[in-house]
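A closer look at the structure
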Amino acid sequence: MPRLELAALFEYSSSEGCHLCLEWSEMTKLLYGKPVADQVLNQVRARILSFVGQHYRPPRLTVVLVGEDPASIIYTRRKRDVALSLGMEQETMTLPANASPTLVQETIQSLNENPHIDGILIQRPLPKGFSEEDVLQWIDPAKDVDAFHPVHAGRLFLGLPAFRPCTPAGIMMLLDHYGINPAGRVATIVGRSSIVGKPMASLLLNANATVIQCHRQTKNLAQHTREAQILIVAAGHAGLIDESHVRQGSTVIDVGIHRTADGKIVGDVARDRIEGLVQYISPVPGGVGPMTIAFLMKNTMDAAELRMTQLSGS
Ligand code: GUN
């Protein structure tokens, strides 16, 4: 819808009541993650039953939490609750914020060597003084359910089978579930982190999208985001994307999550300013978040099955 018409609609709906307002807000569909995540979790639940039948134990995920970052404590609790609800075994190892890199490395090494542990996750961010790039290389790739190890990153880059990082893989499934095929479309990614932006580019490229990657030093961001038929925003900047950044009829995936001063949870996209302009948007909360955790469970299940297959030599 042209911008002028949208503005007129705003004025009309505010002065004339809400019948047009309803029509306007119905034009943008929300991409809810929960129903898709539930499908993934139900499949994992069924696989756990058959794994236990074969190996007489459930898959086991160990989360390592260094320090007491409040958001990380909440995230790790959520991971634990979902894992336990599926019938996985899960424990969180907590190390003090002043733990030395050597202690963390030795801890990870002992988890690597423990035959009863299938998946290891080092919760980020790590306290100051740690190089996250170093730490993620300490995990055995076979147990790296975050899929941040260079082995997985490299294989993904080359389009080879690999564990896939949970958030980007979850976004690909969300797109697929809602019938949004990236092939031949322009996909712009805002952000180039190793967790989301870079693997997202590989996944979209492997799915035959034409990929534009933007970052902090990109000049004229809106010019590139307005190209996007699929816009993925993982900038870590609340409300960065507004009506000046989106293409009419596009799909917008919001990876950001922030708490405002008045306690509201918001994303990197000012959703209220683009509703009516775009065709699809993932809500925050309730869009990408549930997919990330579901993929963590799926990766843990994959790791457990692969390890047992390799151990049995079959
Ligand atoms: N911190 C925030 N999200 C994540 C994640 O997906 N994995 C890890 N390891 N840490 C995080």
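Below or above, wherever it landed, is the structure these notes cover. (Residues numbered from 1 in each chain as written. Predicted model: local features only at pLDDT ≥ 70, side-chain atom pairs only at ≥ 80, totals over all residues. Heavy atoms only, no water.)

With that out of the way, let us pick up the site of the ligand. The ligand sits among Leu121, Ile122, Gln123, Arg124, Asp146 and Phe148. Contacts to the ligand include Gln123, whose side-chain N or O atom sits 3.0 Å from a nitrogen atom. Side-chain polar atom of Asp146 to a nitrogen atom of the ligand: 2.5 Å apart, as the coordinates give it. About the coverage of the ligand: the protein hides 80% of its 280 Å² of free accessible area. Among the residues forming the shell around the ligand, the class breakdown is 3 nonpolar, 1 polar and 2 charged. (Near = heavy atom within 4 Å. Polar contact = N/O pair within 3.5 Å; in protein donor to acceptor, adjacent residues only side chain to side chain. Areas by Shrake-Rupley, 256 points an atom, 1.4 Å probe, with all protein chains shown as cover. Nonpolar A, V, L, I, M, F, W, Y, C, P; charged D, E, K, R; others polar.)

Next up on the list: the nonpolar core. Counting residues in each nonpolar core, the largest one holds 51 residues, and the members touching the most others are Val44, Ile171, Leu175, Leu204, Ile232, Ile253 and Met297. For this core, the secondary-structure elements that each account for two or more residues are α3 (34–55), β2 (60–66), α4 (70–86), α8 (166–177), β5 (186–190), α9 (197–206), β7 (230–233) and α12 (288–311). Looking at this core, the element that brings in the most residues is α12, giving 11 residues. Ranked by size, the runner-up nonpolar core spans 15 residues in total, among them Leu111, Ile117, Trp138 and Ile139. (Core = buried A, V, L, I, M, F, W, Y, C linked by side-chain atoms within 4.5 Å. Buried < 20%, exposed > 50% of the residue type's maximum accessible area, 1.4 Å probe, protein only. Helix = DSSP H or I, 4+ residues; strand = E, 2+ residues; numbered from the N terminus.)

In a structure, side chains of opposite charge can pair up when their charged atoms sit close to one another. Under the criterion given, the structure shown has 13 salt bridges. The salt bridge partner of Glu91 is Arg60, with a shortest N-O separation of 2.8 Å. Taken as a pair, Glu91 in strand β3 (residues 89–95) and Arg60 in strand β2 lie far apart in primary sequence, 31 residues in all. On the basis of relative accessibility, which here comes to 24%, the residue Glu91 falls in the partly exposed class. Across the salt bridge formed by Arg271 and Glu275, the nearest N and O atoms sit 3.4 Å from each other. You can call Arg271 partly exposed: its relative accessible area is 29%. (Salt bridge = Lys/Arg side-chain N within 4 Å of Asp/Glu carboxyl O.)

So, on to the layout of surface pockets. A volume near 400 Å³ is recorded for the second largest pocket. Lining the second largest pocket are 19 residues, with Ala153, Ser194, Lys198, Pro199 and Ser202 positioned closest to its centre. No other element matches α9, which puts 6 residues into the lining of the second largest pocket. Here the residues of the lining of the second largest pocket are counted per class, giving 12 nonpolar, 5 polar and 2 charged. (1 Å grid on protein atoms, 1.4 Å probe; cavity = no way out; pocket = protein on both sides within 12 Å on 5 of 7 lines; lining within 4 Å. Points joined across faces, edges and corners; volume = space filled by probe spheres on them.)

Next up on the list: empty space enclosed by the protein. If you walk through the whole model with that rule in mind, you get 1 cavity of 30 Å³ or more. Considered as a void within the structure, the largest cavity measures approximately 80 Å³ in volume. Lining the largest cavity, in full, are Leu121, Ile122, Arg124, Leu126, Glu132, Val135, Leu136, Ile139, Asp144, Asp146 and Phe148. Listing elements by their share of the lining of the largest cavity, those giving two or more residues are β4 (119–122) and α6 (132–136). When residues in the lining of the largest cavity are grouped by element, the largest group, 3 residues, is from α6.

This part covers the sheet that holds β7. If you walk across this open sheet you meet the 6 strands as β1-β11-β8-β7-β5-β6, and the pairing is parallel. Unpaired on one side and paired on the other, β1 (29–30) and β6 (210–214) mark the two borders of the sheet. Where β1 lies against strand β11 (residues 280–281), 2 bridges are found, and the strand directions are parallel. From the neighbouring strand, Lys29 faces β11, where its bridge partner is Tyr280. Across the sheet, α9 lies against β5, β6 and β7, angled at about 170 degrees from β6, the strand it touches most. (Pairing = 2+ DSSP bridges. Contact = heavy atoms within 4.5 Å. Axes fitted to C-alpha atoms, helices over the stretch in contact; angles between N-to-C directions.)

Positionally, Asp144 belongs in the loop between α6 and α7 (150–157). No salt bridge is formed by the buried Asp144; the nearest opposite charge belongs to Arg124, separated by 8.6 Å. When neighbours within four sequence positions are excluded, Asp144 is seen to be in contact with Ile120, Ile139, His149, His152 and Phe163. (Lys, Arg positive; Asp, Glu negative; His and termini not counted.)

This part is about a nonpolar patch on the surface. Residues Phe157, Leu158 and Leu160 make up a contiguous nonpolar surface patch of roughly 350 Å² in combined accessible area. Note on placement: Leu158 falls in the loop between α7 and α8. Assessed through its relative accessible area of 61%, Leu158 is described here as exposed. (Patch = residues over 30% accessible without salt bridge, like charges linked within 9 Å, V, L, I, M, F, W, Y side chains within 5 Å.)

Before going further, it helps to spend a moment on the sheet that holds β3. Overall, parallel pairing links the 3 strands, which are arranged β3-β2-β4 in an open sheet. Of all strands in the sheet, those with a lone pairing partner are β3 and β4, marking the two edges. Averaged over all adjacent pairs, the angle separating strand axes in this sheet is 15 degrees, with direction ignored. Summarising the sheet, β2 and β4 pair through 4 bridges and their orientation is parallel. What sits directly across from Thr62, in β4, is Ile120.

Here α8 contains 12 residues, and its C-alpha end-to-end distance of 16 Å stays within 8% of the 16 Å for a straight helix at 1.5 Å per residue. Most of α8 sits inside the fold, with 9 of its 12 residues counted as buried. Taken as a whole, α8 has its buried residues at Cys166, Thr167, Pro168, Ala169, Gly170, Ile171, Met172, Leu174 and Leu175. In the stretch just after α8, Gly179 is the one whose phi turns positive, near 75 degrees. (Expected span 1.5 Å × (residues − 1).)

Just geometry here; none of it tells us what the structure is for.
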